[in-house]
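# Coordinate inspection notes
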Amino acid sequence: MTTQRVGIIMNGVTGRMGTNQHLIRSICAIRDQGGVHAAGERIMPDPILVGRSDERLKALCAHAHLEKWSTDVQAVLGDANYPVYFDAQTTGRRYHAIRAAIAAGKHIYCEKPVAETSAQGLDLYRRAGEAERKNGVVQNGLWLPGMLKLKRLIRIGFFGRVLSVRGEFGYYVFPGHHVPAQRPSWNYRKEDGGGILLDMFCHFSYLLENLFGEVEAVSCIATTHVPERVAESGHPYKATAEDAAYAMFELEDGVLAQINASWCSRVRRDDLLTLHVDGTDGSAVAGLRRCWTQHSGTTPRVVWNPDLEIPTDYRADWTEVPASQEYDNAFKAQWELFLKHVAMDRPFRWTLLEGAKNVLLAEKATESWQQRAWVEVPGLEP
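None of these values were measured; they are calculated from a predicted model.

## Some points on the sheet that holds strand β12 (residues 244–251)
Strand order in the open sheet formed by nine strands is β17-β16-β15-β14-β8-β13-β12-β9-β18, and the pairing between neighbours is mixed. Each edge of the open sheet carries a strand with a single partner, namely β17 (319–320) and β18 (375–376). Pairing of strand β15 (residues 282–286) with strand β16 (residues 291–295), which is carried by five bridges, proceeds in the antiparallel orientation. When the bridges of β16 are listed, Val-285 appears paired with Trp-292.

## Some words on the environment of Thr-312
Within the secondary structure layout, Thr-312 lies in the loop between β16 and β17. The exposure class assigned to Thr-312 is partly exposed, which follows from its relative accessible area of 34%. Along the sequence, Thr-312 and Cys-291 sit 21 residues apart, while their C-alpha atoms lie 21 Å from each other.

## Quick look at a negative patch on the surface
A cluster of acidic residues, Glu-214, Glu-216, Glu-250, Asp-253 and Glu-376, forms a negative patch at the surface. One can find Glu-216 in strand β9 (residues 215–223). By relative accessible area, Glu-216 is classed as partly exposed at 43%.

## Overview of unusual backbone geometry
Backbone torsion omega between Lys-112 and Pro-113 reads -5°, so that peptide bond is classified as cis. Along the chain, Pro-113 turns up in the loop between β6 (107–110) and α5 (118–130). A positive phi angle, near 65°, is found at Asp-253, a position not held by glycine. Tracing the backbone shows Asp-253 in the loop between β12 and β13 (256–262).

## Considerations on empty space enclosed by the protein
According to the stated counting rule, one finds one cavity of 30 Å³ or more in the structure shown. Roughly 40 Å³ of volume is contained in the largest cavity. If you go around the largest cavity, the residues you meet are Phe-204, Leu-207, Leu-208, Ile-259, Leu-273 and Leu-275. Listing elements by their share of the lining of the largest cavity, those giving two or more residues are α7 (196–211) and β14 (273–279). Sort the elements by how many residues they give to the lining of the largest cavity and α7 lands first, with three residues. Class assignment of the residues belonging to the lining of the largest cavity gives a composition of six nonpolar, no polar and no charged.

## A closer look at the layout of surface pockets
Considered as a void within the structure, the second largest pocket measures approximately 370 Å³ in volume. Around the second largest pocket, the lining residues are Arg-166, Glu-168, Arg-268, Arg-269, Asp-270, Thr-274, His-276, Val-285, Trp-292, Arg-315 and Trp-318. In terms of residue class, the lining of the second largest pocket is built from three nonpolar, two polar and six charged.

## Focus: the side chain of Arg-94
Mapped onto the elements, Arg-94 comes out in helix α4 (residues 91–103). Separated by 3.1 Å, the side chains of Arg-94 and Asp-87 make a polar contact. In this structure Arg-94 touches Asp-87, Ala-88, Gln-89, Cys-110, Glu-111, Lys-112, Pro-113 and Val-114, once residues within four positions along its chain are discounted.

## Examining the environment of Phe-331
Mapping Phe-331 onto the fold places it in helix α8 (residues 330–344). When its relative accessible area of 8% is taken as the criterion, Phe-331 is described as buried. Remark: the alpha-carbon pair of Phe-331 and His-22, spanning 309 residues in sequence, is separated by 6.6 Å. Apart from residues lying up to four places away in sequence, Phe-331 is in contact with Met-17, Gln-21, His-22, Ser-26, Glu-111, Val-138 and Asn-140.

Parameters at a glance
- Residues numbered from 1 in each chain as written.
- Predicted model: local features only at pLDDT ≥ 70, side-chain atom pairs only at ≥ 80, totals over all residues.
- Heavy atoms only, no water.
- Pairing = 2+ DSSP bridges.
- Helix = DSSP H or I, 4+ residues; strand = E, 2+ residues; numbered from the N terminus.
- Buried < 20%, exposed > 50% of the residue type's maximum accessible area, 1.4 Å probe, protein only.
- Patch = residues over 30% accessible without salt bridge, like charges linked within 9 Å, V, L, I, M, F, W, Y side chains within 5 Å.
- Areas by Shrake-Rupley, 256 points an atom, 1.4 Å probe, with all protein chains shown as cover.
- Salt bridge = Lys/Arg side-chain N within 4 Å of Asp/Glu carboxyl O.
- Lys, Arg positive; Asp, Glu negative; His and termini not counted.
- Charge placed at Lys NZ, Arg CZ, Asp CG, Glu CD.
- 1 Å grid on protein atoms, 1.4 Å probe; cavity = no way out; pocket = protein on both sides within 12 Å on 5 of 7 lines; lining within 4 Å.
- Points joined across faces, edges and corners; volume = space filled by probe spheres on them.
- Nonpolar A, V, L, I, M, F, W, Y, C, P; charged D, E, K, R; others polar.
- Polar contact = N/O pair within 3.5 Å; in protein donor to acceptor, adjacent residues only side chain to side chain.
- Contact = heavy atoms within 4.5 Å.

Everything listed here is a matter of coordinates, which is why it stays silent on function.
Rendered as structure tokens:
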């Protein structure tokens, strides 16, 4: 078995998501398992961490049992030993950083949103194409066990004709006055790239399209339910970004979807994200890891009578979908596919163009909110 080393510049992984999901549970996990194995070859990622803080980079390298780090991003971009650039910085820094990496001849893999606007995302995709650089964007939700089970149900025709999708996402993020907030304060400042529309509608974009069909129109209203929060410094600040959004989507083939997203909602459901899918032949409710179904043949006959105590345990008539495979970390699963794409030219369709489409949906949802009207979501021309 031959080993192919792939050098990866990892920028911005000192943050919570970058550290836990991309570095520790993806790249370090791949190294610990002996690389990615495919067709008699072994692909071994070789990361160098870059960022702005010597202290944080040094501590993270020690934690991850790595040795290479640098605060000189330009110098590392000029190193031919690292053909891949990965970006997990805050959204406002991503566009210019990826432009510089493309100009330096690097293949690109990045977190979403790929940029602050769909026009910037499309520009990055075109620049990568002109430079003949491979590129991809993180769409981790597609490899979650619950979504994979839901995808399998769709593939085997369990639903018959899909009628509608109802999604609920969110949890209560403490404002920080009495209990410390569990999300960074920049998430709630529009001027710093915060807001639930740009953050979460990028996820909803790829989930809806890959599971049920392209989004053709959106109607959305968003709001800032909590106007004041407390920053990491302990000082209060004005929340200028929306912390909740309520949307409806028209999908291709007449499928209707509605999704509520809120950082101000206390959870009383199966998971932090649930998708309830209704079809002519059956229904399913999928969370991040588990999925339940009810087929038309086992659907009980429900009769409306509010004058009596409910005699039925409605949850009891649902059947959990069993696991049909081993489920790896969702971020790691996509990293392995991208590494095969870079090292072996395997197909990888989640390009920067998909990332631009994700941002476009957030933009159109914002436009709908501002206009208080339905807004069409056009296709993006490569």
